[in-house]
Amino acid sequence: MKEIQKKIIHKYIQVSIPFLYNKFLFDVTKKRGWSILDFLIIKELNERTLTHTEVNELLNLNPRITLQVLLPMCDVGWISIEKGNDEFVFAISYRGKEIYESTKNSFELPYTESNYQSQREIFLDINGNYHNFYNTNNVLMPKAAYSSYKHQSDKQVIELKYEYSYVTIEAEADSLIKAATNEGEIIDGYTAIDSNYFTGFKYLIVDMELTERNGYKIMDNVLAQQLGSKLKNKVESVSFEQEVIEIDSEKAFKQKNPEYIIDRKNAALVYGGEDNKTKLLELIDKSSTFLVIHSTFIRTGCVYDEKTQEFTDIFESIKTALLRGVDVYILWGKTEREEDDLGFEKSRAEDLGIEQTLKFFNTKLHEEGITEQVNFNNFTRTESHAKFVIADHVTKGYCCMITSCNFFYTAFNTFETSAVIYDNQFTSKILRIASNISTGKSVMMSDTSRKLESLANMVMEQIERTKVLKGEDKLTIKLVKKQEHYDYINSAKNLATKRIYVVSDFISDIAHRPIFDNLAPLKIKQKFCYYKKTRHMSDAELEQKAKELSSLPQPIQLKKISGKSHKAKSHAKFIAWDNDDILLTSLNWLSANALEEKGGEYHELGLHIQGLNVAEELLNKFLPVAKN
């Protein structure tokens, strides 16, 4: 029996605050343009020139922040910057004077308005106060995640014990809108997504420090202010005379990939090049608060068309999303060559050209007076071959797209396979993976990885399903990491009774043991499809392998898929067996080594989907493409 330790006073503790919560869809009008600080600077410069020091004193800001405020006005030609004797000197331009004269009576510089809908979580505390934690670093956990956290934390976690006299409470419109409104926004109305009631709990973890005179105090002063005086006082007067939670530090905690059983309506299976482009544009156009796109490869022509001197339709859609207030992250997967590699100079030159094109996109936004920017993760390579999109769909909620498609490299003229999953828990999982791989070779968290982790915590919630799903109404899905792929070759081998299809972009001799030898004994129909052999496999080796497979007691067809002039017709990567099982992935089944540790567990990502006739539906789309 564990010995209970009482009245142990810890220097640092954590307090968990329960909140009732719900999601609402708000009608938002947002001003895009310049702040009051920008107006004050233009007003002052209209009277006199200012040194950098004088601007710092005027704004009472850190000198680095001051430069961040001034440079956008330099970019649009409103002010000029010159080198003085000891420091920079700023002066208003003729254009700047015109702008000031036309706006001085309204006390704000030119702006544009955008109208959009935004889905946000609003929280209700015990004192009846409404909170919007969206634009903060504070993460609220659903009950299941909180229970897991509490038993793993190395600090004492004390939960506020509120005696709620209600299970649900109706949202009050004025308070709801006030809490949901962020700086620069006007909210005209809202729609209750599920109901107009706050239901369920989420928990906010607050770090506390024991002070000499005033007992426990909230360490984050900004958070303390956000909570309000009543709730702050309750948190800081918490009693710590209770049992200490003992942690078994030797117990290994392994995160396993769970199965998700979802309604078939909450999944979209997308097959074909143009259909994938249409779905991508939908996710961009319907994104509400954030959008994450990971593409292994990026081609300048997929960003900017040199002939027309215009950005592509995909990047124009991204621009529109930025104007709606969507936070856009683009992650680049391509592994950088080592300096002693053959072709390093050529590859590096190509990469620098891509970086310049992407920077040019953000520069053009600045020139148009658009303050929002795409977060390119400082062009840090994730070194992952996975391909995915994560978004907050304005009507369908949080979702992610697992795909074979390089959205910023393809012309969408080859067969691709994708699955869009509208499920909070699954989306949260992919956000955590995005956060993990965004650091690249470094093990240190970056600003981007922290933001993505924060989004993952925001999205994560325990979904209680009261509906019993029938066979035709449900899909069972499971994320498949790199080293887990061959497990599904074994599953197909052991479970298939009718047919197995293995489809890859490339083929090499790597597939010999894990796939060819493993599946050869089966006495069912099998077909292996590819577009091109790698340089590691000779024509003679490929021809010999095709003969070996076709001469088996149950012949296996090895088929090349190419169109006119030997151009690729398929970039898809999947296995399908019988009628009800498919695995859509980024892994080239016939050329990549899934057991190789290089690149880590998220170097490839796939999705196993089990559901009535899902394989039949996929093959009905693919087989006409496979015919030469």
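Note that the structure is predicted; figures quoted are calculated from it, not measured.

A.B. asks: I tried to follow the sheet that holds strand β18 (residues 327-332) on my own but got confused; where do I start?
C.D. replies: Pairing between the strands of a sheet comes from backbone hydrogen bonds, and it takes one of two forms, parallel or antiparallel. Reading across from one edge, β14-β21-β20-β19-β15-β18 is the order of the 6 strands in this open sheet, with mixed pairing throughout. Only two strands of the sheet have a single neighbouring strand rather than two, namely β14 (267-271) and β18. Strand-to-strand, the axes of this sheet are offset by a mean angle of 10°, without reference to chain direction. Bridge analysis of strand β15 (residues 287-295) against strand β19 (residues 388-393) gives 5 bridges, and the strand direction is antiparallel. Opposite S287, over in β19, you have H393 as the bridge partner. Taken strand by strand, helix α9 (residues 273-285) contacts β14, β15, β19, β20 (397-403) and β21 (417-421), and its axis lies near 140° from that of β15. Where helix α13 (residues 447-459) meets the sheet, its contacts fall on β15, β18 and β20, and the angle it forms with β18 comes to roughly 120°.

A.B. asks: Quick question: what am I supposed to make of the packing of helix α1 (residues 36-45) against helix α4 (residues 94-103) here?
C.D. replies: For any two helices packed against each other, one specifies the inter-axial angle together with the distance between the axes. Packing of α1 against α4 leaves a shortest axis separation of 10 Å and a crossing angle of 115°. Classified by the interaxial angle, the pair formed by α1 and α4 is roughly perpendicular. As α1 runs across α4, the sense of the crossing is left-handed. Of the residues in α4, those touching α1 at F39, I42 and K43 are G96, Y100 and T103.

A.B. asks: What is the right way to look at the sheet that holds strand β25 (residues 525-530) in this model?
C.D. replies: Across the sheet, 8 strands lie side by side as β13-β22-β30-β29-β28-β23-β25-β27; this open sheet has mixed pairing. Only two strands of the sheet have a single partner each, and these edge strands are β13 (259-263) and β27 (556-560). Going across the sheet, the axis of each strand differs from the next one's by a mean of 15°, ignoring polarity. In this sheet, strand β29 (residues 581-585) lies alongside strand β28 (residues 574-577) in antiparallel orientation, the contact comprising 4 bridges.

A.B. asks: Would you mind showing me how to read the packing of aromatic side chains here?
C.D. replies: Aromatic ring pairs are reported here in terms of the distance separating the ring centres and the angle at which the planes meet. The final tally for this structure, using the stated rule, is 25 aromatic pairs. Aromatic side chains Y146 and Y203 sit 4.3 Å apart centroid to centroid with 10° between the ring planes, which places their arrangement in the stacked category. Of the two residues, Y146 sits in helix α5 (residues 143-152) while Y203 sits in strand β11 (residues 197-211), which places them 57 residues apart along the sequence. Overall, Y146 belongs to the buried group, its relative accessible area being 2%. An aromatic cluster is built from Y304, F311, F315, F360, F361 and F408, whose rings are joined through pairwise contacts.

A.B. asks: I keep staring at the pattern of salt bridges and nothing clicks. Help me out?
C.D. replies: Oppositely charged side chains may form a pair once their charged atoms are brought near each other. Under the defined criterion, the tally for this structure stands at 27 salt bridges. Note that R432 is salt-bridged to E453, the shortest N-O span being 2.5 Å. Of this pair, R432 sits in helix α12 (residues 424-437) while E453 sits in helix α13, placing them 21 residues apart in sequence. According to the relative accessible area criterion, R432 is partly exposed, its value standing at 24%. On the basis of relative accessibility, which here comes to 25%, the residue E453 falls in the partly exposed class. When the shortest N-O distance is used, the salt bridge between E601 and K481 registers 3.1 Å. Of this pair, E601 sits in the loop between β29 and β30 (605-610) while K481 sits in strand β22 (residues 474-481); the two residues are 120 residues apart in sequence, bridging distant segments of the chain. Its relative accessible area of 34% is what places E601 among the partly exposed residues.

A.B. asks: What exactly am I supposed to notice about the nonpolar core here?
C.D. replies: Across soluble globular proteins, you tend to see nonpolar side chains buried next to one another. Ranked by size, the top nonpolar core spans 50 residues in total, and within it F388, F426 and F574 carry the most contacts. In this structure F574 touches F415, T417, Y501, V502, V503, L583, L584, W589, L618, L619 and F622, once residues within four positions along its chain are discounted. Membership of the second largest hydrophobic core comes to 39 residues, among which are V303, I314, F315 and L322.

A.B. asks: What is the right way to look at unusual backbone geometry in this model?
C.D. replies: Located in the positive-phi region is N377, a residue other than glycine, with phi close to 60°. With respect to the helices and strands, N377 occurs in the loop between α11 (344-367) and β19. Notably, D578 is not glycine yet its phi reads approximately 50°, a positive angle. Turning to its location among the elements, D578 is positioned in the loop between β28 and β29.

A.B. asks: Whenever I open this one, the pairing of strand β3 (residues 79-83) confuses me. Can you help?
C.D. replies: Side chains on a regular strand alternate between the two faces of the sheet. In the sheet, β3 pairs with strand β4 (residues 88-92) via 5 bridges, with the strands oriented antiparallel. Within β4, the position partnered with I79 by the bridge is I92. Hairpin geometry of β3 and β4 is characterised by an intervening segment of 4 residues between the two adjacent antiparallel strands.

A.B. asks: Explanation requested: the packing of α12 against α13 in the structure shown.
C.D. replies: Packing of α12 against α13 leaves a shortest axis separation of 8 Å and a crossing angle of 170°. By the angle between their axes, α12 is roughly antiparallel relative to α13. Remark: the crossing between α12 and α13 carries left-handed chirality. Here N424, T427, S428, L431, R432, A434 and S435 of α12 lie close against α13, whose contacting residues are S449, L452, E453, L455, A456, N457 and V459. Among the residues forming the contact of α12 with α13, the class breakdown is 6 nonpolar, 6 polar and 2 charged.

A.B. asks: Looking at this structure, I do not really get the confidence of the model for the protein chain. What am I missing?
C.D. replies: Model confidence for the protein chain is summarised by a mean pLDDT of 84, while 89% of its residues fall at 70 or above. For the protein chain, strand β9 (residues 169-170) is the element with the lowest average pLDDT, namely 74, and β29 is the one with the highest, namely 98. With pLDDT under 50 throughout, residues 462-467 is counted as low confidence; its partners more than four residues away or in other chains account for 10 contacts.

Cut-offs used in this document
Residues numbered from 1 in each chain as written. Predicted model: local features only at pLDDT ≥ 70, side-chain atom pairs only at ≥ 80, totals over all residues. Heavy atoms only, no water. Pairing = 2+ DSSP bridges. Helix = DSSP H or I, 4+ residues; strand = E, 2+ residues; numbered from the N terminus. Axes fitted to C-alpha atoms, helices over the stretch in contact; angles between N-to-C directions. Contact = heavy atoms within 4.5 Å. Parallel < 35°, antiparallel > 145°, perpendicular 65-115°, else oblique. Left-handed = near helix turned anticlockwise from the far one by under 90°. Phe/Tyr/Trp six-rings, centres within 6.5 Å; stacked < 30°, edge-to-face > 60°. Buried < 20%, exposed > 50% of the residue type's maximum accessible area, 1.4 Å probe, protein only. Salt bridge = Lys/Arg side-chain N within 4 Å of Asp/Glu carboxyl O. Core = buried A, V, L, I, M, F, W, Y, C linked by side-chain atoms within 4.5 Å. Nonpolar A, V, L, I, M, F, W, Y, C, P; charged D, E, K, R; others polar. pLDDT = per-residue confidence, 0-100.

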